[in-house]
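Secondary and tertiary structure notes
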Amino acid sequence: MGEEVKHASFNRAHRQQYRRKVQLCLDVFETMLAQSSFEFDRPLTGMEIECNLVDDDYQPAMSNQEVLAAIADPAYQTELGAYNIEFNVPPRPLPGRTALELEDEVRVSLNAAETKANTDNAHIVMIGILPTLMPQHLAGSWMSPSLRYQALNDSIFTARGEDILIDITGPERLSLHAESIAPESACTSMQLHLQVSPADFAANWNAAQVLAGPQLALGANSPYFFGHQLWAETRIELFAQATDTRPDELKAQGVRPRVWFGERWITSIFDLFEENVRYFPSLLPELSDEDPVAELAAGRTPQLSELRLHNGTVYRWNRPVYDVANGRPHLRVENRVLPAGPTVVDMMANSAFYYGALRVLSEEDRPLWTKMSFTAAQDNFIESARHGMDARLYWPGLGEITPDELVLRTLLPMADEGLRRWGVATEVRDRYLWVIEGRAKTGRNGSAWQVATVRALQSSGMARPQALAEMLRRYCELMHSNEPVHTWDVIAE
């Protein structure tokens, strides 16, 4: 959920002080990058999984407070919507058989959480957007009790000065106005973290941006919102629109959106933090007591709380992270591209594909991003969000190509080689990359399965709302099987 804040509203003096403090933190961060010892000797990976809660009828269950109390595990935290929870997987290194152990641990933990959630008549669902979520569900007490969320909502609407327009085209168009950031709560993702050195950060971030399009095409799992079939990964456009602080006039002036792919390749992590400070006014100007200059001068590691908080309100799909653990600073690339689900094995396969391909792309002598424009990478990202496995992507040396061909010919061997360089065991590579190969060969990701199933149910006579609920019931059943989505049957129309 991000760190809690102490105030729900902020005055002008507060904001002025915060702006000065953020700039001071940025200056200290620049000094640290030149001088300090960052932790990266044993690179760690981490994962966060955002989930939805449904009742016995597969409708949203606004009961995360009760469910979290029943689970009683600090790894599970609140999220924006009262029907959302987040599962934080402890960081660990990649080599060896770690991923298989992690898969078992995640399944055991989620199964235990599911059993406890059942005592409150709730079920946990890993899916990009809950397909049974409708406007009436977000009209009442939809928000988790949190000063941070309330302050964020108020700040976005103060900046906009008007309701938010959600307007998404696709096979079916959806257009409506929202008077809160409630639609944002519909977007549940899987976030992948990789700890890197300052020297290697730029190459890893650039590589992650290159991979974002193919990642989305393979992993799309959010075709429905408010009963409408929209993009293969509707979550991408919905999240961008639901948090947009810009009225039309500022959009016309070219003011950047807070949900942002970016606009250029970088040479240092500092580029991203500096852009965040330069382009984006604060949404949560919470001040700490820390003097970062004094902390650094005393030989201690500054928390840089203001810079970190500000960074947390600029929603890059690949976000730079500065953090402190056991008194030592470290840097992470946080990959926020993928939706949650459909199964644990699918998510483990998505992460293996990402970490493997990222390793090779970031270490190439002539990096791929020197051969393609940043705009081409962004176009691939949007095209994949719209069309999933039916997208048409640009790739240097190959021209225009379909995701299945790109994955099977180029990215799958690359991911295998990258995992080998990480020291990942052969059985791990085989298990997870087989899932990616199967998805590429069948063209069936979570989004494709959802659409095909709903279409079949409607053809058999069901109305759309009932078809969505029945599809979700089958989805949950198959989710618990832990069989990858490309092997799921679709009922005949």
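I will try to describe carefully the structure that is included in this document. (Residues numbered from 1 in each chain as written. Predicted model: local features only at pLDDT ≥ 70, side-chain atom pairs only at ≥ 80, totals over all residues. Heavy atoms only, no water.)

Applying the stated rule across the entire model yields 18 aromatic pairs. Ring geometry for F29 and F273: centres 4.9 Å apart, planes at 65 degrees, overall edge-to-face. Within this pair, whereas F29 is found in helix α1 (residues 12-35), its partner F273 is found in helix α8 (residues 269-279), the two being separated by 244 residues in sequence. Accessibility assignment for this pair places F29 and F273 in one class, buried. Ring plane angle 50 degrees and centroid distance 5.7 Å describe the contact between W317 and F381, whose orientation is recorded as tilted. Linking W317 in the loop between β11 (315-316) and β12 (318-325) with F381 in helix α12 (residues 374-387), this pair joins segments that are 64 residues apart in sequence. The exposure class of W317 is buried, given its relative accessible area of 6%. On the accessibility criterion, F381 (1% relative accessible area) is buried. Each member of the aromatic cluster is reached from another via a ring pair, and the members are W205, F239, F261, W265, Y315, W317, F374 and F381. (Phe/Tyr/Trp six-rings, centres within 6.5 Å; stacked < 30°, edge-to-face > 60°. Helix = DSSP H or I, 4+ residues; strand = E, 2+ residues; numbered from the N terminus. Buried < 20%, exposed > 50% of the residue type's maximum accessible area, 1.4 Å probe, protein only.)

On to empty space enclosed by the protein, then. The tally for this structure, following the rule as stated, stands at three cavities of 30 Å³ or more. In this structure, the largest cavity occupies an estimated 200 Å³ of space. The wall of the largest cavity is formed by 20 residues, among which T45, L94, L102, M348 and Y355 lie closest to the centre. Listed by contribution, the elements that provide at least two residues to the lining of the largest cavity are β1 (45-54), β3 (84-92), α3 (98-118), α11 (344-363) and α14 (426-442). Among the elements that line the lining of the largest cavity, the one with the most residues is α11, at four residues. Among the residues forming the lining of the largest cavity, the class breakdown is 15 nonpolar, four polar and one charged. In this structure, the second largest cavity spans a volume of roughly 150 Å³. (1 Å grid on protein atoms, 1.4 Å probe; cavity = no way out; pocket = protein on both sides within 12 Å on 5 of 7 lines; lining within 4 Å. Points joined across faces, edges and corners; volume = space filled by probe spheres on them. Nonpolar A, V, L, I, M, F, W, Y, C, P; charged D, E, K, R; others polar.)

Turning next to helix α6 (residues 234-242). Where burial is concerned, most of α6 is hidden: seven out of the nine residues are buried. Within the span of α6, buried status applies to T234, R235, I236, L238, F239, Q241 and A242.

Here helix α4 (residues 147-160) is 14 residues long and its end C-alpha atoms lie 20 Å apart, about the 20 Å a rise of 1.5 Å per residue gives. For α4, every residue scored as buried is listed here: R148, Y149, A151, L152, N153, S155, I156, F157 and R160. Those residues of α4 hidden inside the fold are in contact with α1, β2 (76-78), β5 (164-168), β6 (174-178), α10 (305-311) and β11. Residue G161 follows α4 closely and has a positive phi angle near 75 degrees. (Expected span 1.5 Å × (residues − 1). Contact = heavy atoms within 4.5 Å.)

Let us look at the packing of helix α5 (residues 198-219) against α11. Between α5 and α11, the least distance of the axes is 9 Å, while the angle of their chain directions is 140 degrees. In this view, α5 runs oblique relative to α11, as classed from their interaxial angle. Crossing of α5 over α11 shows right-handed handedness. Touching A203, N204, A207, A208, V210, L211, Q215 and L218 of α5 are F353, Y354, A357, L358, L361 and S362, all from α11. Of the residues contributing to the contact of α5 with α11, the split by class is eleven nonpolar, three polar and no charged. (Axes fitted to C-alpha atoms, helices over the stretch in contact; angles between N-to-C directions. Parallel < 35°, antiparallel > 145°, perpendicular 65-115°, else oblique. Left-handed = near helix turned anticlockwise from the far one by under 90°.)

By rolling a water-sized probe across the atoms, one finds the places where empty space is left. Here the second largest pocket is characterised by a volume of approximately 360 Å³. What lines the second largest pocket is a set of 23 residues, among which E237, A240, Q241, D244 and R246 lie closest to the centre. Of all the elements in the fold, those that place two or more residues in the lining of the second largest pocket are β5, α6, α7 (248-252), β10 (259-260) and α12. Top element by residues in the lining of the second largest pocket is α6. It accounts for four residues. Residues of the lining of the second largest pocket, tallied by class, amount to eleven nonpolar, three polar and nine charged.

Bringing the pairing of strand β13 (residues 328-339) into the picture now. Summarising burial for β13: eleven of the twelve residues are buried, a large majority. Judged from the seven bridges that link them, strand β7 (residues 189-196) and β13 form a sheet pairing that is antiparallel. Bridge assignment links V196 to a residue of β13, and that residue is L331. Here eight bridges tie β12 to β13, and the two strands are oriented antiparallel to one another. Residue pairing for β13: Y322 is matched across the bridge by L331. If you look at the hairpin formed by β12 and β13, you'll find two residues sitting between the two strands, and N326 has a positive phi there, around 55 degrees. (Pairing = 2+ DSSP bridges.)

In the contact formed by α3 and α14, the axes pass within 8 Å of each other and the chain directions differ by 55 degrees. Viewed along their axes, α3 and α14 adopt a mutual orientation that is oblique. Here A99, L100 and E103 of α3 come into contact with α14, specifically with E427, V428, R431 and Y432. For the contact of α3 with α14, the class distribution of residues is four nonpolar, no polar and three charged.

For the bond running from G341 to P342, omega is -5 degrees, close enough to zero to count as cis. Secondary-structure assignment places P342 in the loop between β13 and α11. The phi dihedral of A72 falls on the positive side, at around 50 degrees, and the residue is not glycine. Relative to the elements of secondary structure, A72 occurs in the loop between α2 (64-71) and β2. Look at N482: it is not a glycine, yet its phi comes out positive at around 60 degrees. Within the secondary structure layout, N482 lies in the segment after α16 (464-481).

Attention now moves to the pattern of salt bridges. Going through the model one piece at a time under the given rule, you end up with 32 salt bridges. With a shortest N-O distance of 3.0 Å, R300 and E295 are connected by a salt bridge. A salt bridge links E363 to R421; its shortest N-O distance comes to 2.7 Å. Within this pair, whereas E363 is found in helix α11, its partner R421 is found in helix α13 (residues 403-422), the two being separated by 58 residues in sequence. (Salt bridge = Lys/Arg side-chain N within 4 Å of Asp/Glu carboxyl O.)

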